[in-house]
Amino acid sequence: GAVVSQHPSWVICKSGTSVKIECRSLDFQATTMFWYRQFPKQSLMLMATSNEGSKATYEQGVEKDKFLINHASLTLSTLTVTSAHPEDSSFYICSAERERLYTQYFGPGTRLTVL
Amino acid sequence: TQLLEQSPQFLSIQEGENLTVYCNSSSVFSSLQWYRQEPGEGPVLLVTVVTGGEVKKLKRLTFQFGDARKDSSLHITAAQPGDTGLYLCAKNRDDKIIFGKGTRLHILP
C-alpha cells in the first residue's frame, strides 16, 4: 500500500518561533501533495496544494508568507509555520496524490501547540 | 460555502444497533469518497464511488451513491465500539479534495 509519513508527530513551540513539518511519501512518487488544517471537532480544511518543482497554490484566506511550502522532491514536501502564534495551534495533515486524480493518501498528522 | 452537507453531525448509539449517515450536495459528483478518522490520526479512505446508483460493501459497511450522483449514504450494520470515529465524505473539485464537516459517531459498549 501507499504510505505517507509526517514528522514530527507533535510539536510544542513558543509564540514567535517557526516550525517545520515534513511530509514524505515512502513508497511512491508524488508530484502533488496537499496540506490541510483541522481544528478540534472540525473537518479538514485545505490550506494549499504543493507541486513538485513549482510554487504552491494557496486557498483563499491562507497567508502564503506565513505558511511556507516547499516541494523539493517527488517524495518530500515541507510546511513551515513562520512566527507561530497560539491561534496557529492545530492538527496539520498532509496527503500525497498517487496515480489517479482522485486517489490521495493521508499522513498521520502533526499536532502543533503554540504556547 | 459548504459544498458537502453531512448529517447527522453527531450520533451516539448502542453497540449492535444499525445506523445510516448521509452526504448531500447541490451539485453532481464526478466521484465521492468516504473516510474514517480516529482521534489524533489522519483520515483513512474507506471507499470511492463513481457510478450513479452504485452500492459497495465493506464488511458491515454499505455505501450507496445516489442515482443522480448528488448524494451518498453510509449504512453500518450491528455497530461495534471499533466503529467509533469521524466519518467524512469528500468530493473532487478543481483537482482538489474537499471534505464535508463529517459525522462524529460514538458507539457505546
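Relevant structure appears above.
These figures come from a predicted structure and were not determined experimentally. (Residues numbered from 1 in each chain as written. Chains lettered and ligands numbered in written order. Predicted model: local features only at pLDDT ≥ 70, side-chain atom pairs only at ≥ 80, totals over all residues. Heavy atoms only, no water.)

With respect to the sheet that holds strand 3 (residues 19–24) of chain B
Residues and elements named next belong to chain B.
Moving on, step 1. Strand order in the open sheet formed by 5 strands is 1-3-8-7-6, and the pairing between neighbours is antiparallel. Taken across any chain shown, the strands that pair with only one partner, and hence form the sheet edges, are strand 1 (5–7) and strand 6 (55–58). Across the sheet, the mean angle separating the axes of adjacent strands is 15° when strand polarity is ignored.
Moving on, step 2. Here 4 bridges tie strand 6 to strand 7 (residues 61–65), and the two strands are oriented antiparallel to one another. Each bridged residue has a counterpart across the sheet, and for Leu-58 the counterpart in strand 7 is Leu-61. (Pairing = 2+ DSSP bridges. Helix = DSSP H or I, 4+ residues; strand = E, 2+ residues; numbered from the N terminus. Axes fitted to C-alpha atoms, helices over the stretch in contact; angles between N-to-C directions.)

Quick notes on the side chain of Gln-6 of chain B
Residues and elements named next belong to chain B.
Moving on, step 1. Residue position: Gln-6 is located in strand 1.
Moving on, step 2. Among the residues examined, Gln-6 registers a relative accessible area of 8% and is labelled buried.
Moving on, step 3. Polar contacts involving the side chain of Gln-6 include one to the main-chain carbonyl oxygen of Tyr-87, which spans 3.0 Å.
Moving on, step 4. A polar atom in the side chain of Gln-6 sits 3.0 Å from the backbone nitrogen of Cys-89.
Moving on, step 5. Each residue touching Gln-6, except ones within four places of it in the same chain, is listed here: Tyr-22, Cys-23, Trp-34, Tyr-87, Leu-88, Cys-89, Gly-100, Lys-101, Gly-102 and Thr-103. (Buried < 20%, exposed > 50% of the residue type's maximum accessible area, 1.4 Å probe, protein only. Polar contact = N/O pair within 3.5 Å; in protein donor to acceptor, adjacent residues only side chain to side chain. Contact = heavy atoms within 4.5 Å.)

Observations concerning the pairing of strand 8 (residues 76–81) of chain A
Residue and element names in this part refer to chain A.
Moving on, step 1. In terms of residue burial, strand 8 counts as a mostly covered element, since 6 of its 6 residues are buried.
Moving on, step 2. The alternating pattern of strand 8 places Leu-76, Thr-78 and Thr-80 and Ser-77, Leu-79 and Val-81 on opposite faces, both of which are buried.
Moving on, step 3. Note: strand 3 (residues 19–25) against strand 8, 6 bridges, orientation antiparallel. Counterpart to Ile-21 in the pairing with strand 8 is Leu-79.
Moving on, step 4. Across 5 bridges, strand 7 (residues 67–73) lies against strand 8 in antiparallel orientation. In the strand pairing of strand 8, Ile-69 is matched with Leu-79.
Moving on, step 5. Between strand 7 and strand 8, which pair antiparallel one after the other, the connecting turn spans 2 residues.

Some details on the state of the cysteines
Moving on, step 1. Scanning all chains against the criterion turns up 2 disulfides over all chains.
Moving on, step 2. One disulfide in the model links Cys-23 of chain A with Cys-94 of chain A; its S-S distance is 2.0 Å. Taking the sign of the S-S torsion, about 80° here, the bridge from Cys-23 of chain A to Cys-94 of chain A comes out right-handed. Taken as a pair, Cys-23 of chain A in strand 3 and Cys-94 of chain A in strand 9 (residues 90–97) lie far apart in primary sequence, 71 residues in all. Considered together, Cys-23 of chain A and Cys-94 of chain A belong to a single accessibility category, that of buried residues.
Moving on, step 3. Between the sulfur atoms of Cys-23 of chain B and its disulfide partner Cys-89 of chain B the distance amounts to 2.0 Å. (Disulfide = S-S within 2.5 Å.)

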